[in-house]
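Examining the three-dimensional arrangement
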Amino acid sequence: MSAPVRDSQTAALIAVEDAHLAHNYHPLPVVITRGEGAWVTDVEGKRYLDLLSAYSALNFGHSHPAILAAARDQLDRLTLTSRAYHNDRLAPFAQALADLAGKDMVLPMNTGAEAVETGIKVARAWGYRVKGIAPDAATVVVAHGNFHGRTTTIVGFSDDPDAREGFGPFAPGFVHVPFGDAAALAAAIDENTAAVLLEPIQGEAGVVIPPEGYLREVRQITRERGVLMIADEIQSGLGRVGTTFACDREQVVPDVYLLGKALGGGILPLSAVVADADVLGVIRPGEHGSTFGGNPLAAAVGLQVVEMLASGEFQTRAAALGQHLETKLAEFAGRGVTAVRVAGLWAGIDIDPARGTGREVAERLLARGVLVKDTHGQTIRIAPPLVVRATELDWALEQLRVVLAG
Ligand SMILES: *Cc1c(COP(=O)(O)O)cnc(C)c1O
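In this report, the structure presented in the accompanying data block is examined. (Residues numbered from 1 in each chain as written. Predicted model: local features only at pLDDT ≥ 70, side-chain atom pairs only at ≥ 80, totals over all residues. Heavy atoms only, no water.)

A few points about the sheet that holds strand S8 (residues 228-232)
Here we have seven strands laid out as an open sheet, ordered S4-S10-S9-S8-S7-S5-S6, and mixed in their pairing. A single partner strand is all that each edge strand has here, and the edge strands are strand S4 (105-109) and strand S6 (174-177). With strand direction ignored, the average angle separating the axes of adjacent strands in the sheet is 20°. Of the strand pairs in this sheet, strand S9 (residues 256-259) and strand S10 (residues 271-275) are connected by four bridges, and their pairing is antiparallel. Looking across to S10, one finds that Leu259 is bridged to Ala272. Across the sheet, helix H4 (residues 90-101) touches S4, S9 and S10, and the angle it forms with S4 is around 120°. (Pairing = 2+ DSSP bridges. Helix = DSSP H or I, 4+ residues; strand = E, 2+ residues; numbered from the N terminus. Axes fitted to C-alpha atoms, helices over the stretch in contact; angles between N-to-C directions. Contact = heavy atoms within 4.5 Å.)

Rendered as structure tokens:
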């Protein structure tokens, strides 16, 4: 199943995992023990450039000193209160995140899937209480090829058979449209539509970028038809594409942002729903919550992350490095690569089947000290930490060139 592992300590740990860990992942055969910036070290002392960044949860790199300092300081003071009480970290975090997004309010949760579930609840409650949709009739329009997480409701509106099969019955109330087709989206909206839920760029699908102008059209259609636009920016947001949000690429402001991954600074799970008071205000005490949501440790880390993003420095860096990456990747066209999609420091690279599968390319890159992840068979995705250097990217792409030539 896995590629041959190189040494005994790695093999021994993987064997224990195989016996005692559910097989819900198929990791590359490397056991990581340390990380700093864009680099990680395995149990044998070998170093790798991390071009995945935990699916963009590590936008600021491993062990960012300012984020670690915020976490350590908070660890010594207070870690958890539950929302039965107030804690002194939550107000500054909520205010800073709302400011960053240009919205009024924040509803903090933990994982991305919880933010999506929360967004769906908010949209339905808004549909009944504000829009006046008949009880239990509200629908949410979603896109083909979507990835919004792994809960039963969310996989129920995925169209990936691996995500769905064996896990039904699923919750009703979701309507599918092709991603990138504004006319189809307009046609799918009726009086029961509470919201449109989209990734502005589809990450798991292979960094699929909609046609220029699509997000602006979705914004216009949803505004005119009285439907919420919910942008799942869990992977695309927080600097990845060279702007704070991927919606910024088209100067679009959705009604609701769903955030996660990098919001937790690569240290802990932290997600949030961010919207104006006329939307998030529909949720009343007792209707929604989470024991860990908004805990002071996560809020302290999240505040640090938001302060780093507020400077704009990471967005600028991602934009410049993304330009560099796009130029370099263009040289791969026809050289073992059939298509490349780049948005900021984020790329989907479709591998020519004659040169192997995405998984095989990822394994060959691993052997040369570069970590990437395959998706949907022939695609590899790269999402380096935004702290990576141009020279490091160049080195990694040289490894890709060698791997595709061999
Ligand atoms: C990763 C991801 C999620 C789910 O986040 P988890 O923290 O893994 O639950 C949701 N939406 C998008 C777009 C994602 O990339």
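On we go from here.
A short note on the sheet that holds strand S12 (residues 347-351)
Overall, antiparallel pairing links the four strands, which are arranged S11-S12-S15-S14 in an open sheet. Looking along the sheet, the strands with just one partner apiece sit at the ends: strand S11 (337-342) and strand S14 (373-375). Across this sheet, the average inter-strand angle for adjacent strands is 25°, counted without regard to direction. Where S11 and S12 come together, five bridges link them in antiparallel fashion. Counterpart to Arg341 in the pairing with S12 is Gly348. In the packing of helix H13 (residues 358-367) onto the sheet, contacts are made with S12, S14 and strand S15 (379-382), and the angle to S15 comes to roughly 50°.

Examining the packing of H13 against helix H14 (residues 390-405)
Between H13 and H14, the least distance of the axes is 10 Å, while the angle of their chain directions is 125°. Relative to H14, H13 is oriented oblique. The element H13 and its partner H14 pack so that their crossing is right-handed. Contact with H13, carried on its side by Val361, Arg364 and Leu365, involves Gln399, Leu400, Val403 and Leu404 of H14 and no other residues of that element. Grouping the amino acids of the contact of H13 with H14 by side-chain chemistry returns five nonpolar, one polar and one charged. (Parallel < 35°, antiparallel > 145°, perpendicular 65-115°, else oblique. Left-handed = near helix turned anticlockwise from the far one by under 90°. Nonpolar A, V, L, I, M, F, W, Y, C, P; charged D, E, K, R; others polar.)

No statement about biological role is implied by the geometric values presented.
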